Amino acid sequence: MKQLRVLSLPYLVWMVIFIVVPIIMVAVFAFTTSDGNFTIDNISNVGQYANIFVHSIWLALIATAICLVLSYPIAFYLSRMEKHKQGTMLMIVMLPMWMNFLLRTYAWMTLLGNNGIINYLLGLIGLGPFKLINTSGAVVLGMVYNYLPFMILPLYSVMQKIDKSVIEAARDLGCNPVKVMFRVIVPLSLPGIVSGITMVFVPAISTFIISRMLGGGSNLLIGDLIEMQFLGNAYDPHLGAAIALVLMVIILAIMTVMNQFSPDDQVLI
Amino acid sequence: MENIVSLKDLVVEFEDGERILKSISLDIKDKEFVTFLGPSGCGKTTTLRIIGGFLEPTSGDVFFEGKRINGLPPHKRNVNTVFQRYALFPHLNVYENIAFGLRVKKTSEKEIVKRVGEMLELVNLKGFEKRSVNRLSGGQQQRVAIARALVNHPKVLLLDEPLGALDLKLRKEMQTELRKIQQALELTFVYVTHDQEEALTMSDTVVVMNNGLIQQIGSPTDIYNEPVNAFVADFIGESNIVNGCMPEDCVVEFMGRKFQCVDKGFDPNETVDVVIRPEDVKVIPAEKAKLTGIVESVVFKGVHYEMTVDGVDHKWIIHSTKAEPAGSMIGMDFDPFDIHIMKKTEEE
Ligand SMILES: Nc1ncnc2c1ncn2[C@@H]1O[C@H](COP(=O)(O)OP(=O)(O)O)[C@@H](O)[C@H]1O
Ligand SMILES: [Mg+2]
């Protein structure tokens, strides 16, 4: 025990310097004016951006839901493949992650543009052009594309621990394939569902690059709002910190609710 | 008694073209306790999986109460399985594990309470209803697995080495338990084990398998007393097996000596396997014996001593109530009816 505690020391130091201290600083900024006096004005000013919050949460939720629906069968299929093929397939799933995030998103700009490849191809068969870029749909697409692997991985990693014989036992006891799914696979993969949702929802709700590149002016998200307060022309780090703080509280609240669904005494074999 | 399950010429080949089962045919009678016995890898689990519906044979037919059921998925078969490593549902407690099959079939709550209660009683797990199955001992998990299968009132219960993970004492207890349950509920049990003692003590019928082939089907007594070939004889009890030939009826020659036996009907000088059980080797003074050997080791086995004796080109295993000191020279003799002559099995 003692040794373990010593080993965790570097990480503890790291946590304090790079996580705890910054959070305290965000909180301090959020509750002070530029001359250092205490105020709650920043926080109450966040209220005027409620529509942006709602829009961000909405898009992030849709993207998370789509990721879950797409990933679930993929992850299940992967986890049931022969062991030696799983590694290769997993690598293919992860392949897009090897490319820089900005490049990946930029590529979608050229694909979705009014004169982009998709509209060009549709034009060839006499359709379009459609307005694809600078829509909420494009933002959601960008989120799904970028964060899909963060859903697949945790799902795969719990599903892969589900013993084949447990599935056979369910079939033996009268389950058709659909019942096997809902009575055994889903309950057993719940921890993966919860962590997959977390890992997609959190970056999706706070992204600013995807909305900037694919969303145009009409899809301002919380992330863009915060960025503008720090690096943009609306420069106001105190308001930025307040928005960030409110976002953090919202995420925390959502995660707490999510975790209620994750059984804690469940030991997967 | 009628046949409840019949297997006809089952062949199983996996992708690599390897034949795992090579023509398995077998009739299982209603209310019978049938055991597949054979060394690891001989195809016992594969055969059981075909009956359960988890594997389709490459060729051959499976009949259930006279109806061909090839291709019928497991959830439509009136058969339940106790899996090799229990395969309990880790997200459900003991009660819900047992109730699983009934819930799937939308049984009424009242009926579920009643039947699960009966099962808990049957397998001695009253009071464990709420316990997570991850916090049960091996023996308790085992009993949940049995209750979970039996609660569905299957006509046939398939059990794949159900006691393999238990320690010896518990295994003995469970053997008796299982046999009692089978007789009380009047069920057909198809049981798989690689433990010959288990097979002989529990079963009505033993099916000895090797290399994807059935070697012998018979009652435990038949299998023990009249093994049809050297493999069965060796697998059922540790046996001394030596090469011999039959110069004439009722005379067998091995290790350069002739002995009286009771077998006849072989071709003149046909080469045969000579099987002699360790307890049938009589130890006599060396100077009076046709066969001699040097005692290599002596181990006390509780009831008898087991001696390894170095003969000319065979190491004899001898069970005797009297130990001879290691290093001494002893003589060996056999009663004619203790010498079992077996036709050589043709190499496949
Ligand atoms: N899915 C499979 N693919 C290829 N070979 C298999 C497969 N399942 C089992 N085998 C092989 O079939 C043989 C018999 O297996 P099994 O029926 O499990 O034996 P037992 O239960 O008697 O120990 C073994 O050699 C095993 O390696
Ligand atoms: Mg097996």
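Residues numbered from 1 in each chain as written. Chains lettered and ligands numbered in written order. Predicted model: local features only at pLDDT ≥ 70, side-chain atom pairs only at ≥ 80, totals over all residues. Heavy atoms only, no water.

A word on the pattern of salt bridges. Once the charged atoms of two side chains with opposite charge are near each other, the side chains can pair. One pass over the full model with this rule turns up 25 salt bridges over all chains. With a shortest N-O distance of 2.5 Å, Glu-227 of chain A and Arg-212 of chain A are connected by a salt bridge. With Glu-227 of chain A in helix H12 (residues 222-230) and Arg-212 of chain A in helix H11 (residues 209-215), this residue pair connects regions lying 15 residues apart in the sequence. The class for Glu-227 of chain A is buried, based on a relative accessible area of 16%. Across the pair Arg-115 of chain B and Glu-111 of chain B runs a salt bridge whose closest N-O atoms are separated by 3.2 Å. Here Arg-115 of chain B pairs with Glu-111 of chain B, and both are found in helix H3 (residues 109-122), just four residues apart, close to one helical turn. Overall, the relative accessible area of 13% leaves Arg-115 of chain B in the buried class. Several salt bridges converge on common partners, so that one network encompasses Glu-96, Arg-103 and Glu-109 of chain B. (Salt bridge = Lys/Arg side-chain N within 4 Å of Asp/Glu carboxyl O. Helix = DSSP H or I, 4+ residues; strand = E, 2+ residues; numbered from the N terminus. Buried < 20%, exposed > 50% of the residue type's maximum accessible area, 1.4 Å probe, protein only.)

With that settled, consider the sheet that holds strand E9 (residues 205-210) of chain B. Residue and element names in this part refer to chain B. With respect to topology, six strands assemble into an open sheet ordered E6-E7-E8-E3-E9-E10, the strand pairing being mixed. Among the strands making up the open sheet, the edge pair consists of strand E6 (79-82) and strand E10 (213-218). On average, adjacent strands in this sheet sit at an angle of 20° to one another, irrespective of strand direction. Bridge count between E9 and E10: five bridges; the pairing is antiparallel. Bridging across to E10, Val-206 finds its partner in Gly-218. (Pairing = 2+ DSSP bridges. Axes fitted to C-alpha atoms, helices over the stretch in contact; angles between N-to-C directions.)

The next thing to look at is the site of ligand 1. Residue and element names in this part refer to chain B. Taken together, the residues surrounding ligand 1 are Phe-14, Ile-20, Pro-39, Ser-40, Gly-41, Cys-42, Gly-43, Lys-44, Thr-45 and Thr-46. In the model, an oxygen atom of ligand 1 is placed 2.9 Å from a nitrogen or oxygen of the Lys-44 main chain. Ranked by residue count, the leading element in the shell around ligand 1 is helix H1 (residues 44-52), at three residues. Of the residues belonging to the shell around ligand 1, the class tally is four nonpolar, five polar and one charged. (Near = heavy atom within 4 Å. Polar contact = N/O pair within 3.5 Å; in protein donor to acceptor, adjacent residues only side chain to side chain. Nonpolar A, V, L, I, M, F, W, Y, C, P; charged D, E, K, R; others polar.)

It is worth spelling out the domain arrangement of chain B at this point. Residues and elements named next belong to chain B. When the domains of chain B are assigned, the result is domain 1 (3-230) and domain 2 (238-343). Here domain 1 and domain 2 have C-alpha centroids that lie 39 Å from each other. In this assembly, six residues from domain 1 lie in contact with seven residues from domain 2. Interface area for domain 1 against domain 2, summed over the two sides, is near 520 Å², with a carbon-plus-sulfur share of 54%. Of all residues in domain 1, Tyr-224, Pro-227 and Ala-230 give up the largest surface area on contact with domain 2, accounting jointly for 77% of the area buried on that side. Scanning the region where domain 1 abuts domain 2 turns up two residue pairs in polar contact (both at pLDDT 80 or more). When grouped by side-chain class, the residues that make up the side of domain 1 that touches domain 2 number four nonpolar, two polar and no charged. (Domains from an automatic or database assignment. Contact = heavy atoms within 4.5 Å. Buried area = accessible area lost by both parts, 1.4 Å probe.)

Here we come to the nonpolar core. With 72 residues, the main nonpolar core has Met-143, Leu-214, Ile-222 and Ile-243 of chain A together with Phe-89 and Phe-100 of chain B as its most contacted residues. With residues near it in sequence (within four places) discarded, Phe-89 of chain B still touches Val-166, Ala-169, Ala-170, Leu-173 and Val-184 of chain A together with Asn-97, Phe-100, Val-133 and Arg-148 of chain B. One finds Leu-102, Ile-112, Val-116 and Leu-166 of chain B within the second-largest nonpolar core, a separate group that totals 36 residues. (Core = buried A, V, L, I, M, F, W, Y, C linked by side-chain atoms within 4.5 Å.)

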